[in-house]
Amino acid sequence: MGVMSIISVIASSLFIWMILRSHDGLSITSNRLLLGLCTADICFSLPFSFFGVMLPNEVGYYSWNAMEIMATCQIQGFVNSFGSVCGIWYNASLCLYYLAVVKYEKSDDYIRAKIEPFLYAVPLIISAICNVYMVATGRINAGGSGIYSVCYYDPPHCWEIEVFVVVEGVFDIPCGRGDTNF
């Protein structure tokens, strides 16, 4: 997963470079929307390229390369999930833009004045709301695949433990963290 994420970051970066170097640059709406989509893809892909380094070190017994604390895992998860949700909505914005241009034959001035602010605001606002909620409820947790996961905290040492109990010893994160039932 890490190598593919590096390729994705490079491809999105090259696409941004091509947009910025083009004759039109950021003067047209579609290029600005593509810039947002590429930026969201970089946010989504970049955390995967760390190969699990940002996971808390207490899950290192089952997830390779875990070296950090829970806060770094949450930051990685926030950036990744923000890019994921934002990318979906930027893709929808791009589709709505082309719908307005092709089917409804709206002028560039009309789109720039009436529609374009919403094409940027909706992806950013929805992504921010979703991700702040996930961080506030503790749903961004360390996963076994070397990345964060948007679910409750359930590593192997928690399988026989009650929810929201900290296993004494080397573990600091409560089992079941992020579960909606507690």
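Structural data are supplied above this passage.
Residues numbered from 1 in each chain as written. Predicted model: local features only at pLDDT ≥ 70, side-chain atom pairs only at ≥ 80, totals over all residues. Heavy atoms only, no water.

Draft legend 1. Expanded view of the side chain of Asn131. With respect to the helices and strands, Asn131 occurs in helix H4 (residues 108–136). A relative accessible area of 0% places Asn131 in the buried class. Setting aside chain neighbours within four positions, we find Asn131 in contact with Phe78, Ser81 and Phe82. (Helix = DSSP H or I, 4+ residues; strand = E, 2+ residues; numbered from the N terminus. Buried < 20%, exposed > 50% of the residue type's maximum accessible area, 1.4 Å probe, protein only. Contact = heavy atoms within 4.5 Å.)

Draft legend 2. Structural view of the packing of aromatic side chains. Taken as a whole, this structure holds three aromatic pairs when the rule is applied. The interplanar angle of 75° and the centroid separation of 5.4 Å between the aromatic rings of Phe44 and Phe48 together place this pair among those described as edge-to-face. Centroid distance Phe78 to Phe82: 6.1 Å. Interplanar angle 20°. Geometry classified as stacked. Of the two residues, Phe78 and Phe82 both sit in helix H3 (residues 70–103), four residues apart, roughly one turn of that helix. Among the residues examined, Phe78 registers a relative accessible area of 29% and is labelled partly exposed. Its end group placed over the ring of Tyr104, Lys103 keeps NZ or CZ at 5.9 Å from the ring centre. Geometry around Tyr110 places Lys106 over its ring, the cationic atom sitting 4.9 Å from the centre. (Phe/Tyr/Trp six-rings, centres within 6.5 Å; stacked < 30°, edge-to-face > 60°. Lys NZ or Arg CZ within 6 Å of the ring centre and 35° of its normal.)

Draft legend 3. Layout of the state of the cysteines. As enumerated under the stated definition, the model contains one disulfide in all. Shown here is the disulfide that connects Cys158 with Cys175, its sulfur atoms set 1.9 Å apart. Linking Cys158 and Cys175, the disulfide has an S-S dihedral of approximately -70° and is accordingly described as left-handed. One end of the pair, Cys158, is in the segment after strand E2 (148–150); the other, Cys175, is in the segment after E2, with 17 residues separating them in the sequence. One exposure class covers both Cys158 and Cys175, and it is buried. (Disulfide = S-S within 2.5 Å.)

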